[in-house]
Amino acid sequence: MTTPISDMHEGHTTRGRYDTQPTVALPEGERILRGAEGWEAAAELAEACARVTGTAPVLLVDTYPGVDLPTLTAQVRSALPEWTVQDVETAARPVTEVEQLIAPNLTDDRVFGVMSHFTLADFYDAAQLDALAAGITQTPTVVIGWGAALLAPRLDGSAATVLVDMARWEIQLRQRKGATNWRADNAAEDNLRKYKRGFFVEWRVADRHKRSLFDTLDFVLDGNAIAPAEPHPDSPEAGMITGTAFRQALKDAASRPFRVVPFFDPGVWGGQWMKNLIGLDPSKDNYAWCFDCVPEENSLLLEGEGGVVEIPALDLVFSRPVDLLGAKTFSRFGAEFPIRFDFLDTMDGGNLSLQVHPLTDYIQNTFGMHYTQDESYYMLDVGDDAVVYLGTKEGIDRAEMLQDLATAQDGEHPFPAEKYVNSFPARKHDHFAIPAGTIHCSGANSMVLEISATPFIFTFKLWDWGRVGLDGVPRPVHLDHGARNIQWDRDTTWVGDNLLDQVETIRTDGDVIEESTGLHELEFIEVRRHWFEQGADHDTEGTVNVLNLVEGDEVRVVSPTDAFAPFVIHYAETFIVPAAVGAYRIERTENSRSARFATVKAYVRGSRTSDN
Ligand SMILES: O=P(O)(O)OC[C@H]1O[C@](O)(CO)[C@@H](O)[C@@H]1O
C-alpha cells in the first residue's frame, strides 16, 4: 500500500470524514488471489497455453522498474518450486551503455531533464533476447524482470503474462530509503536525481511498454505490496487479479465518479491543518502536500472479494482515455490527465519558495514537455495573516531585483521580497490565478487547494527564505531559468485587474448559485463554483470534471438515470467525474449537518459539447 492509512487514524474532520483510502469496486464476484494461489493460477494458464502450442510452459512476469525483484523472485520460487526462473535483465544492455544513451535526457541539473522517447527495446540486446527465448525448450520457465514481455513475440504467443505494476509514489518512498533506479548503482544518490531519472526517462519508457500489454496481459500483481517502503503488520500478501478483471474494473471506473488514493508528504514549509483536520499521523512534524488528484502519480485501490489491489491511476488514463477525458480533451492532450488538484498546507508552517513556472514555449524547447505548469490557489482555509505573493511591485528595477536574488543565495543577505513582490491578503474561498511566468508563492498560515495543470516539478525557485530542505542542504534554486520566464509586466495593477477577485455569477436557480471563479485567459482550465442547500445539477458535457467539496460536511453524487450507485463525498475530498458519465447531481445526504454547501469543478475550457 502506498500509504499505511489504517494505522493513522479514524479520519474525522470537524466537518465530515475525509476518507484517506477510497476504493473502486472490482467487477461483481471478482476474487483477489494472494501469495502462492496467484502464482498457481498463472502457472495453470501457462500450462494450458503450452498444451495448445506443444511447447514448454512459460510465464512472463514483467515488472515495472521499482518492483523489488529479489523478494518477488523468492516468492515465485517458493510458489512454483518445479519451475526454472530466468532473469530477463541478463539480456539488457550493460547499464553503462544505457547511461550513455540517456545522458542527454538526464542533463547535469539536479532537478530538470529532457523528456525521453526511448522504448524498452532500446535498453535491450535483441540477439540476447532471441537467445533467451530459444533456450526455453523443455522445462516450465518463469522469466522475471522489466521487459519479460519482450519475449512474448519470440515465443509465438505460447506464454502467459503477469504485469507487476507499481505507482510512482511507492517508488519514490523506496528511493528515499535507498532503492536505486533501474539497474543503477546509485543507492546513495540525491533523491532529486533519482526522481529525475524516473520522471524523464524510466517512467516514460515503462509506461509506453506496459500500455502495450494492457489488451492482452493475463494477470496483474500489486507490486506496491511486495516489500513496501512502509510495511504494515496487518498488510496481506500482494494481491493478483486476472487481466479480464483489470480491464473490466477500469472500464467500470471510467463510467462513474471515483477518487484516487491521496498521498500526504511532509515538506520544509509544511503545516498542521491536514494533520489535525484529516487526522494524519500525529508523530510527523508536518504535512506539506496532499496529492489528492494527480493521476500520474496516485493510485487506485480496486476492491473485491479478498480485499484490495493497488494499481497506478495512470492505468485508467491509458486504458480508457476517451471515456475518462472525453474526445476533445483526449484529442488535445492525448492519454494524459491534464488537471491536478492538490493541497498545500502552510498552517503554522512557512512560506513556499518564491517561484515562477516556465512559459509554454520555454518548457517545450527546454524540457520537451508539451504543456506547462499554469496554476491557481483556491483558499480552502486561512489564518488571519494569510497572504499570497503574486506579481512584482509597480516600477521595480528588474536588474536590481535579479541582482538581489543572486546575492541572497550566499545565505548572508536575505532577499527583500516585500520590496519587489506584492503580497495580497487571502480570505477563505478566494481564488488566485497564477498563469505561468507570474512570480508567486503561498505565504504561511494557508490551506491551499491547488487547481492547476498537471505538470508540477517545473518550479523555478528564486528564493527559499534562507532555509535548508528537510535533508539539511539548500533546496535547488534556478535563477537563470527563472529570469528567462518572469513576466515583468505582471505588476500590482495588472495582477489586481487580471488575477484577483475574478468571480462572476453565471446563473442563479432557486438555492443554487453557479459562479466562474476566474482562471486567467492564458490558462486552459475553467473553474465553476456551485453554492447550494439541497442539490445542484451538473453534466460533464463530454469532458472530464474534477471537483472538491470546499464547503459543507457531506454530499453525494447521484445519477438521474441510476447509471451508477450514489457516491458519498466529504469535506475537502477531491473526486473525478469521467466524461462518459454525462448528467449527475450533487446533493445533501441524510447525514449532512451543514446548511449550505459549495463545490468547485474544473474542466478543460472549450471541451464541453456546448462549447462547440
Ligand atoms: O518549491 P516549493 O516551495 O516546495 O513549492 C513547490 C510547490 O509550489 C507549487 O508550484 C505551487 O505554487 C506547487 O505546485 C509545488 O508543489
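Residues numbered from 1 in each chain as written. Predicted model: local features only at pLDDT ≥ 70, side-chain atom pairs only at ≥ 80, totals over all residues. Heavy atoms only, no water.

**Some points on the packing of helix 3 (residues 95-106) against helix 6 (residues 191-211)**
Right, so step 1: Direction vectors running N to C along helix 3 and helix 6 enclose 85°, while the axes themselves pass 10 Å from each other. In this view, helix 3 runs roughly perpendicular relative to helix 6, as classed from their interaxial angle. Only Lys 196, Arg 197, Phe 200 and Val 201 of helix 6 make contact with helix 3, whose side of the interface consists of Val 95, Glu 99, Ile 102, Asn 105 and Leu 106.
Right, so step 2: For the contact of helix 3 with helix 6, the residue count by class is 5 nonpolar, 1 polar and 3 charged. (Axes fitted to C-alpha atoms, helices over the stretch in contact; angles between N-to-C directions. Helix = DSSP H or I, 4+ residues; strand = E, 2+ residues; numbered from the N terminus. Parallel < 35°, antiparallel > 145°, perpendicular 65-115°, else oblique. Contact = heavy atoms within 4.5 Å. Nonpolar A, V, L, I, M, F, W, Y, C, P; charged D, E, K, R; others polar.)

**What to know about helix 5 (residues 168-176)**
Right, so step 1: Counted residue by residue, helix 5 has 8 buried out of 9 residues, so it is predominantly covered.
Right, so step 2: Those residues of helix 5 not exposed but buried are Arg 168, Trp 169, Glu 170, Ile 171, Gln 172, Leu 173, Arg 174 and Gln 175.
Right, so step 3: Where the residues of helix 5 are buried, they touch helix 6, strand 9 (263-265), strand 10 (289-293) and helix 9 (314-319).
Right, so step 4: Gly 178 lies just past helix 5 and shows a positive phi near 110°. (Buried < 20%, exposed > 50% of the residue type's maximum accessible area, 1.4 Å probe, protein only.)

**Details of the confidence of the model for the chain**
Low pLDDT marks stretches whose predicted atomic positions should not be read closely.
Right, so step 1: Averaged over all residues, the pLDDT of the chain is 95; the fraction at 70 or higher stands at 97%.
Right, so step 2: Segment residues 1-12: pLDDT under 50, and 40 contacts once partners within four positions in sequence are set aside and those in other chains are kept.
Right, so step 3: Our summary of model confidence lists the complex with pTM equal to 0.96 and ipTM equal to 0.97. (pLDDT = per-residue confidence, 0-100.)

**Re the pairing of strand 12 (residues 307-312)**
Regular strands place side chains that alternate from one sheet face to the opposite one.
Right, so step 1: The buried count for strand 12 comes to 5 of 6 residues, which makes it a mostly enclosed element.
Right, so step 2: Judged from the 6 bridges that link them, strand 11 (residues 299-304) and strand 12 form a sheet pairing that is antiparallel. Within strand 12, the residue paired with Ser 299 across the bridge is Pro 312.
Right, so step 3: Between strand 11 and strand 12, which follow one another and run antiparallel, lie 2 residues, and Gly 306 among them has a positive phi close to 100°. (Pairing = 2+ DSSP bridges.)

**A look at the state of the cysteines**
Right, so step 1: By the definition in use, this model includes 0 disulfides.
Right, so step 2: Of all cysteine sulfurs, the one in Cys 293 lies closest to Cys 290, which takes part in no disulfide; the gap is 10 Å.
Right, so step 3: Look at Cys 290 and you get buried, because its relative accessible area is 0%. (Disulfide = S-S within 2.5 Å.)

**Digging into the packing of helix 1 (residues 36-53) against helix 2 (residues 69-79)**
Helix-helix packing is described using two parameters, namely the angle between the two axes and the distance between the axes.
Right, so step 1: Axis separation between helix 1 and helix 2 bottoms out at 9 Å; the angle between their running directions is 70°. Between helix 1 and helix 2, the angle falls in the class roughly perpendicular. The segment helix 1 lies against helix 2, with Ala 36, Trp 39 and Glu 40 engaging Leu 72, Gln 75, Val 76 and Ala 79.
Right, so step 2: Within the contact of helix 1 with helix 2, the residues separate by chemical class into 5 nonpolar, 1 polar and 1 charged.

**Overview of the environment of Leu 59**
Right, so step 1: Here Leu 59 shows up in strand 3 (residues 58-63).
Right, so step 2: In this structure the C-alpha to C-alpha distance between Leu 59 and Ala 149, which are 90 residues apart in sequence, comes to 9.3 Å.

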